[in-house]
Amino acid sequence: MYGFEALNFNVDGGYLEAIVRGYKAGLLTTADYNNLCQCEHLDDIKMHLGASDYAPYLANEPSPLHTSAIVEKCTQKLVDDYNHMLSQATEPLSTFLEYITYGHMIDNVVLIVTGSLHERDVHELLEKCHPLGMFDSIATLAVAQNMRELYRLVLVDTPLAPYFSECITSEDLDEMNIEVMRNTLYKAYLEDFYRFCKKLGGATSTIMCDLLAFEADRRAINITINSIGTELTRDDRKKLYSNFGILYPYGHDELSVCEDFDQVRGAMEKYPAYQGIFAKLSFGESQMLDKAFYEEEVKRLTLTFEQQFHYAVFFAYMRLGEQEVRNLMWISECVAQQQKSRIHDGVVMIF
Amino acid sequence: MGFVLWWREWTHAFLYMSPFVFSAIGIALSVGISVLGAAWGIYITGSTLIGAAIRAPRITSKNLISVIFCEAVAIYGVIVAIILQTKLENTTQPFDPESMRAGYSLFASGIIVGFANLVCGLCVGIIGSSCALSDAQNSTLFVKILVIEIFGSALGLFGVIVGIIMSSQASWPSAPI
């Protein structure tokens with residue numbers, strides 16, 4: 001029952017909620033980002049990060065520092081935090097935490113399959129995989145030739161198995177099919193996660209279902225924009241949209257017939273939240289849409305911390321951690337390539 | 001339908017129960033449910049306090065006040081139980097109206113104190129949990145949230161006061177001359 005979580009949430013989740021709020025207190029603030037943006041070299045960045053929670057991870061890096069090293073160590077910190085929480089969680093929090101990583105698993109699967117298609121070495125690909133989405137037998141993905149084999153050899157033992165029922169065809173894997181497969185899997189994952197959160201009830205379901213609805217709508221808009229001008233038919237496009245969210249079902253109908261960016265903007269006029277996002281961009285400009293969506297996502301994620309006794313703070317912390325790593329990557333790249341003028345184009349301030 | 005109409009028989013069900021039954025249950029409720037409230041409040045505060053103190057160890061000593069407020073609720077329950085127990089005297093006329101009144105007032109006193117302390121303990125526990133988290137982020141918030149806790153712990157005191165007033169009028173009849 002919504003409103004009475006405070007009475008029994010702390011039995012299993014109180015300690016971990018306090019831990020995750022401690023981690024969130026360690027996220028970089030606007031003042032930290034301003035300091036980082038003033039840096040001249042990557043070593044300055046390392047020095048500034050030495051005062052933050054990343055200190056133990058970056059302390060031993062040898063001096064000619066690369067952006068990939070910074071990003072790898074910062075991601076490692078996020079993974080360590082996640083594993084610390086997962087090892088102490090009980091049901092249903094442990095299942096909730098595992099659901100957060102399935103998106104990364106899907107990305108890793110698609111990365112390896114695409115890489116094998118282009119004849120790349122498996123070990124090189126495994127190093128590029130996101131650590132949160134690793135599972136045993138991931139290396140075997142490289143031998144699969146079509147989707148049925150992919151499922152039968154590797155994925156049937158992973159948590160992604162139930163998402164494959166709509167994907168299994170005997171067609172060979174090529175560029176287009178792989179993108180369609182990625183989006184179909186992600187659609188099934190989001191719907192499964194949504195059902196799971198609804199079943200949990202209380203504050204968790206209210207807050208998480210809002211966050212997932214935003215994610216589903218954002219993916220629908222991105223799929224529409226990315227498939228403009230490709231061979232993806234309208235019906236195929238519509239099949240990739242999730243069955244929940246503000247845009248379901250009438251917004252999906254309008255999006256599936258859009259043929260350019262301004263038509264998408266017109267379709268979104270009726271939904272105040274998304275109309276506000278598109279209003280920040282002037283006509284014809286689509287590059288800043290990603291940043292506008294990230295800003296909106298960060299705003300919604302920080303709001304979850306206003307309420308106590310629910311699981312959405314864990315989801316929010318993982319997403320905010322990923323956003324922070326993206327910010328650090330952008331700042332490091334701008335500093336390394338001496339393009340400081342563009343540094344504020346890519347940084348989304350969290351606090 | 002017929003059951004409800006035989007109301008005389010229903011009143012007999014209460015009138016034939018000895019007042020000592022009601023008094024004993026009242027004393028049990030007074031201490032049992034108060035301690036339930038205190039324990040519930042302490043675990044709500046304690047689990048959050050332990051987790052938050054990992055990152056901000058300075059909060060531990062100050063936030064023990066929340067645990068102490070919850071503990072006070074259990075002490076109220078024990079004190080009232082002892083007071084009620086001293087009011088319980090043996091009598092040779094257990095079904096005298098004055099006797100029945102004494103039994104009922106001890107029962108009512110027990111319920112009052114028990115449930116007032118239950119919700120007071122819960123209230124202080126939940127606020128204490130939020131207090132620990134806020135203190136870990138910003139130490140100026142502690143004293144302000146403590147004021148809310150103090151108001152919350154007054155609820156238990158109200159229950160104790162009313163319970164003691166209820167039980168003070170419990171007098172058992174002496175033996176007929």
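Criteria and cut-off values
- Residues numbered from 1 in each chain as written.
- Chains lettered and ligands numbered in written order.
- Predicted model: local features only at pLDDT ≥ 70, side-chain atom pairs only at ≥ 80, totals over all residues.
- Heavy atoms only, no water.
- Helix = DSSP H or I, 4+ residues; strand = E, 2+ residues; numbered from the N terminus.
- Rg over C-alpha atoms; globule rule 2.2 N^0.38 Å.
- Buried < 20%, exposed > 50% of the residue type's maximum accessible area, 1.4 Å probe, protein only.
- Contact = heavy atoms within 4.5 Å.
- Areas by Shrake-Rupley, 256 points an atom, 1.4 Å probe, with all protein chains shown as cover.
- Lys, Arg positive; Asp, Glu negative; His and termini not counted.
- Charge placed at Lys NZ, Arg CZ, Asp CG, Glu CD.
- Buried area = accessible area lost by both parts, 1.4 Å probe.
- Salt bridge = Lys/Arg side-chain N within 4 Å of Asp/Glu carboxyl O.
- Polar contact = N/O pair within 3.5 Å; in protein donor to acceptor, adjacent residues only side chain to side chain.
- Nonpolar A, V, L, I, M, F, W, Y, C, P; charged D, E, K, R; others polar.
- UniProt positions renumbered as here; feature names shortened; annotations may be inferred.
- Patch = residues over 30% accessible without salt bridge, like charges linked within 9 Å, V, L, I, M, F, W, Y side chains within 5 Å.
- pLDDT = per-residue confidence, 0-100.
- Expected span 1.5 Å × (residues − 1).
- Phe/Tyr/Trp six-rings, centres within 6.5 Å; stacked < 30°, edge-to-face > 60°.
- Core = buried A, V, L, I, M, F, W, Y, C linked by side-chain atoms within 4.5 Å.
- Axes fitted to C-alpha atoms, helices over the stretch in contact; angles between N-to-C directions.
- Parallel < 35°, antiparallel > 145°, perpendicular 65-115°, else oblique.

Caption draft 1: Inspection of the overall build of chain A at higher detail. The number of helices and strands found in chain A is 17 helices and 0 strands. Here the C-alpha atoms of chain A give a radius of gyration of 21 Å, agreeing with the 20 Å that 2.2 N^0.38 yields for 351 residues. Projected onto the principal axes, the alpha-carbon positions of chain A cover approximately 50 × 50 × 45 Å. Taking all 351 residues of chain A together, the buried fraction comes to 51%. Of the contacts made within chain A by residues no fewer than 6 positions apart, 64% connect residues no fewer than 24 positions apart. With the model as given, the accessible surface of chain A reaches about 16,100 Å², and the carbon-plus-sulfur share is 50%. Treating the 30 positive side-chain charges of chain A as one cloud and the 52 negative ones as another, the clouds have centres 4 Å apart.

Caption draft 2: Focus on the overall build of chain B. Across its full length, chain B holds 6 helices and 0 strands. Along chain B, helices and strands appear, N-terminal first, in the series α-α-α-α-α-α. In terms of overall dimensions, chain B is more spread out than a globule: its C-alpha atoms have a radius of gyration of 21 Å, far above the 16 Å expected for 177 residues. With the C-alpha coordinates aligned to their principal axes, the bounding extent of chain B is approximately 70 × 45 × 20 Å. For chain B, the share of sequence-separated contacts (at least 6 apart) that also reach a separation of at least 24 residues comes to 87%. When the accessible surface of chain B is split by element, carbon and sulfur atoms take 77% of a total near 9,100 Å². Distance from the positive charge centre (7 side chains) to the negative charge centre (7 side chains) of chain B: 17 Å.

Caption draft 3: Quick peek at the interface of chain A and chain B. Taken together, the contact between chain A and chain B spans 18 residues of the former and 16 residues of the latter. A buried area of about 1,300 Å², summed over both sides, lies between chain A and chain B, and 58% of it is on carbon and sulfur atoms. Applying the counting rule to chain A against chain B returns 1 salt bridge. Among the salt bridges present, the one from aspartate 53 of chain A reaches arginine 55 of chain B, with a minimum N-O distance of 3.1 Å. At the surface where chain A touches chain B, the tally comes to 10 residue pairs in polar contact (both at pLDDT 80 or more). Of the residues belonging to the side of chain A that touches chain B, the class tally is 9 nonpolar, 6 polar and 3 charged.

Caption draft 4: Expanded view of the UniProt feature "domain: V-ATPase proteolipid subunit C-like" (unreviewed entry) in chain B. Residue and element names in this part refer to chain B. UniProt marks residues 25-84 and 107-166 with the feature "domain: V-ATPase proteolipid subunit C-like" (unreviewed entry), using the numbering shown here. Secondary structure within residues 25-84 divides into 95% helix and 0% strand; the distance between the first and last C-alpha atoms comes to 11 Å. The straight-line gap between the two end C-alpha atoms of residues 107-166 is 9 Å; of that span, 95% is helix and 0% is strand.

Caption draft 5: The arrangement of the side chain of threonine 91 of chain B in detail. All names here are of chain B. Relative to the elements of secondary structure, threonine 91 occurs in the loop between helix H4 (59-87) and helix H5 (97-137). For threonine 91, a relative accessible area of 9% puts it in the buried group. Polar side-chain contacts of threonine 91 include one of 3.2 Å to the backbone nitrogen of glutamine 93. A distance of 3.2 Å separates the side chain of threonine 91 from the backbone oxygen of proline 173, its partner in a polar contact. Contacts of threonine 91, omitting those with residues within four sequence positions, involve Phe20, Ser99, Trp172 and Pro173.

Caption draft 6: Seen up close, a nonpolar patch on the surface. Residue and element names in this part refer to chain B. Residues Phe14, Leu15, Met17, Val21, Ile25 and Tyr104 make up a contiguous nonpolar surface patch of roughly 500 Å² in combined accessible area. The set of elements that each furnish at least two residues to the nonpolar patch consists of helix H2 (7-15) and helix H3 (19-55). Among the secondary structure elements, isoleucine 25 is positioned in helix H3. Take isoleucine 25: its relative accessible area is 38%, and that puts it in the partly exposed class.

Caption draft 7: Geometry of the confidence of the model for chain B. Residues and elements named next belong to chain B. A residue-level look at chain B finds 97% of positions with pLDDT of 70 or above and a mean pLDDT of 92. Per-element mean pLDDT across chain B ranges from 64 in helix H1 (residues 2-5) up to 96 in H3. For this predicted complex, the interface confidence comes out at an ipTM of 0.89, alongside a pTM of 0.93.

Caption draft 8: Structural context of helix H6 (residues 141-168) of chain B. Residues and elements named next belong to chain B. Spanning 28 residues, H6 covers 42 Å between terminal C-alpha atoms, matching the ideal 40 Å at 1.5 Å per step. For H6, the complete set of buried residues consists of Phe142, Ile145, Leu146, Glu149, Gly152, Ser153, Gly156, Gly159, Val160, Gly163 and Ser167. If you follow the buried residues of H6, they end up packed against H4 and H5.

Caption draft 9: Structural view of the packing of aromatic side chains. Residue and element names in this part refer to chain A. For the structure shown, the criterion picks out 23 aromatic pairs over all chains. Ring geometry for phenylalanine 96 versus tyrosine 311: centroids 5.6 Å apart, planes at 45°, classification tilted. One end of the pair, phenylalanine 96, is in helix H6 (residues 93-117); the other, tyrosine 311, is in the loop between helix H15 (289-303) and helix H16 (312-336), and 215 residues separate them in sequence. Both residues of the pair, phenylalanine 96 and tyrosine 311, belong to the buried class. For the ring pair tyrosine 151 and phenylalanine 164, a centre distance of 5.8 Å and an interplane angle of 35° mean the geometry is tilted.

Caption draft 10: Structural detail: the nonpolar core. Residues and elements named next belong to chain A. Core analysis: the largest hydrophobic core is formed by 93 residues, its most contacted members being Phe96, Phe193 and Phe314. Looking at which element gives the most residues to this core, the answer is H16, with 13 residues. Setting aside residues up to four positions removed in sequence, phenylalanine 96 forms contacts with Phe193, Phe196, Cys197, Leu200, Thr204, Met208, Tyr311, Phe314 and Phe315. Formed by 23 residues, the second largest nonpolar core is a distinct cluster that contains Ala220, Tyr241, Cys258 and Tyr271.

Caption draft 11: Looking closely at the packing of H4 of chain B against H5 of chain B. Where H4 of chain B contacts H5 of chain B, the two axes come as close as 9 Å, and the packing angle between them is 175°. In terms of orientation, H4 of chain B and H5 of chain B fall into the roughly antiparallel class.

Caption draft 12: A look at the pattern of salt bridges. Residue and element names in this part refer to chain A. Tallying each qualifying case throughout the model produces 23 salt bridges over all chains. Salt-bridge contacts for arginine 182 lead to glutamate 179; the nearest nitrogen and oxygen are separated by 3.4 Å. Taken together, the positions of arginine 182 and glutamate 179, both in helix H9 (residues 175-200) and 3 residues apart, correspond to about one turn of that helix. A salt bridge links lysine 270 to glutamate 254; the shortest N-O distance between them is 3.0 Å. Of the two residues, lysine 270 is situated in the loop between helix H13 (261-267) and helix H14 (272-279) and glutamate 254 in helix H12 (residues 250-256); the sequence distance between them amounts to 16 residues. Look at lysine 270 and you get exposed, because its relative accessible area is 53%. Residue classification places glutamate 254 among the partly exposed positions, given a relative accessible area of 25%. Overlapping salt bridges bring together Glu215, Arg218, Glu297 and Arg319 as one network.

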